[in-house]
Amino acid sequence: MPSIREIRRKIKSVRQTQQVTKAMKMIAASRLKRAQTSLLASRPYAKKVTELVSSLKDRLAGEGTLPPPLLAPRPQAKDRLIILMSSDKGLCGSYNVALLRRTLQELDIAKTGGGRTVFFVIGKKGRDFLASHGFSMEKEFVNFLRRPSFAQAEILAKEAVDYYLNHSNISRVDVIFMDFRSVLRQAPDVALLLPPEIKGRTCVGPAFDYIYEPSREMILKELLPRYIKTELYRLIFEAYTSEQAGRMNIMENATKNAGDLIEHLTLVGNQVRQSAITREILEVVSGAEALA
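Residues numbered from 1 in each chain as written. Predicted model: local features only at pLDDT ≥ 70, side-chain atom pairs only at ≥ 80, totals over all residues. Heavy atoms only, no water.

S.K.: Teacher, can you tell me more about a positive patch on the surface here?
M.R.: Taken together, the side chains of Arg31, Arg34, Lys89, Lys124, Lys125, Arg146 and Arg147 present a region of like positive charge at the surface. Note that arginine 31 resides in helix α1 (residues 4-63). (Patch = residues over 30% accessible without salt bridge, like charges linked within 9 Å, V, L, I, M, F, W, Y side chains within 5 Å. Areas by Shrake-Rupley, 256 points an atom, 1.4 Å probe, with all protein chains shown as cover. Salt bridge = Lys/Arg side-chain N within 4 Å of Asp/Glu carboxyl O. Lys, Arg positive; Asp, Glu negative; His and termini not counted. Charge placed at Lys NZ, Arg CZ, Asp CG, Glu CD. Helix = DSSP H or I, 4+ residues; strand = E, 2+ residues; numbered from the N terminus.)

What follows is the structure in structure tokens.
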């Protein structure tokens with residue numbers, strides 16, 4: 001049985017760890033709140049851009065106009081670009097494990113159709129995983145989501161659009177990210193980024209058509225990059241919010257477990273101390289009896 005000094009030293013160490021996990025939980029909770037606020041604030045704009053792009057797409061399709069290069073399908077292409085949004089740090093539960101497991105599932109699906117899969121990877125965890133398995137990485141973004149903003153979405157959108165337009169063998173661009181559903185539940189998901197899959201209008205519009213200047217084609221051509229930036233901005237904050245939620249939950253569990261361990265060690269220490277006191281009393285009584 002350990003001595004009372006060892007137990008006290010262990011309690012002190014666990015209490016210090018508990019202070020660290022509690023501080024990390026509070027930091028993650030603060031970042032989670034800010035991320036949720038930004039995510040909710042971006043949705044009305046993203047919804048309106050999607051509605052406008054969808055309306056223009058439907059109008060031009062009805063007139064038989066050829067779609068812009070970003071909307072045109074590529075039936076002959078077989079390769080695929082995946083943007084993997086992982087984290088740079090650990091201590092966020094199963095966040096990265098679930099993402100990487102979903103990535104392997106997508107690669108298994110891609111093998112059945114042939115073609116090659118290349119990656120844009122965000123975060124050190126995803127980069128290290130792909131490097132260890134020998135996957136092809138075209139772009140690496142380290143410490144990219146430390147402070148997410150629309151500027152990051154613009155950078156990533158430009159890289160993705162340029163790569164898609166310059167490589168005719170790329171059939172589609174997908175984003176693997178962690179979908180934020182609630183503070184306690186996040187799930188890995190795959191979103192099609194290019195060519196954009198816009199399914200009809202999300203609300204009932206006016207019975208008449210607008211007069212567009214300079215033209216529907218030019219406006220749609222200008223709106224598509226903005227739509228892609230807006231969609232990436234949403235996905236970035238989905239991933240960032242999920243990471244902070246996972247870190248907050250795991251740190252809360254760690255803080256609770258540290259408290260339970262402190263209670264257990266305190267009980268063991270009391271038992272050891274009581275045993276020592278009892279032993280000393282018995283020694284005193286035995287010595288007195290021997291002298292009598």
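S.K.: What am I meant to see in the pattern of salt bridges here?
M.R.: Charged atoms that come close allow side chains of opposite charge to pair. Applying the stated rule across the entire model yields 11 salt bridges. For glutamate 238, the salt bridge identified is with arginine 234, shortest N-O distance 3.5 Å. With glutamate 238 and arginine 234 both in helix α5 (residues 216-291) and four residues apart, this pair spans about one turn of that helix. Among the residues examined, glutamate 238 registers a relative accessible area of 3% and is labelled buried. The partly exposed category is assigned to arginine 234, whose relative accessible area is 23%. The residue glutamate 243 makes a salt bridge to arginine 247 at a minimum N-O spacing of 3.2 Å. (Buried < 20%, exposed > 50% of the residue type's maximum accessible area, 1.4 Å probe, protein only.)

S.K.: What is the right way to read the pairing of strand β5 (residues 186-194) from this model?
M.R.: Side-chain direction in a regular strand flips from residue to residue, so the side chains alternate between the two faces of the sheet. In terms of strand pairing, strand β4 (residues 170-180) meets β5 through eight bridges, oriented antiparallel. Paired with aspartate 179 across the strands is alanine 187, a residue of β5. Linking β4 to β5, which pair antiparallel, is a turn of five residues. (Pairing = 2+ DSSP bridges.)

S.K.: Whenever I open this one, the side chain of glutamate 243 confuses me. Can you help?
M.R.: Locating glutamate 243 in the fold gives a position in helix α5. In this structure glutamate 243 comes out as buried when scored by relative accessible area, which is 9%. Filtering out sequence-adjacent residues up to four positions away, glutamate 243 remains in contact with Ser87, Cys92 and Tyr95. (Contact = heavy atoms within 4.5 Å.)

S.K.: Is there a simple way to think about the pairing of strand β2 (residues 117-122) in this case?
M.R.: Most of β2 is tucked away: six of the six residues are buried. Alternating residues of β2 divide into Thr117, Phe119 and Val121 and Val118, Phe120 and Ile122, and every residue in both groups is buried. Where strand β1 (residues 79-85) and β2 come together, six bridges link them in parallel fashion. Directly across from methionine 85, in β2, lies its bridge partner isoleucine 122. The pairing of β2 with strand β3 (residues 137-141) spans four bridges and is parallel. Following the sheet pairing, phenylalanine 119 is matched in β3 by methionine 137. Note on the crossover from β2 through helix α3 (residues 124-132) to β3: the handedness is right-handed. (Right-handed = clockwise from strand over helix to strand, strands pointing away.)

S.K.: Would you mind going over unusual backbone geometry with me for this structure?
M.R.: The bulk of non-glycine residues show a negative phi, and the bulk of peptide bonds are trans. Across the junction of leucine 194 and proline 195, the peptide omega takes the value -10 degrees, indicating a cis bond. Here proline 195 shows up in the loop between β5 and α5. Even without a glycine there, the phi angle at asparagine 143 is positive, about 55 degrees. Judged by relative accessible area, asparagine 143 falls into the partly exposed class, the value being 34%.

S.K.: So what exactly am I meant to see when it comes to the nonpolar core here?
M.R.: Proteins that are soluble and globular tend to have nonpolar side chains buried together. By size, the foremost hydrophobic cluster in this structure holds 59 residues, and its most contacted members are Ile83, Met85, Leu156, Leu193, Ile228 and Leu232. When neighbours within four sequence positions are excluded, isoleucine 228 is seen to be in contact with Leu70, Ala157, Val161, Leu193 and Leu194. (Core = buried A, V, L, I, M, F, W, Y, C linked by side-chain atoms within 4.5 Å.)

Interpretation in functional terms is not warranted from these geometric data alone.
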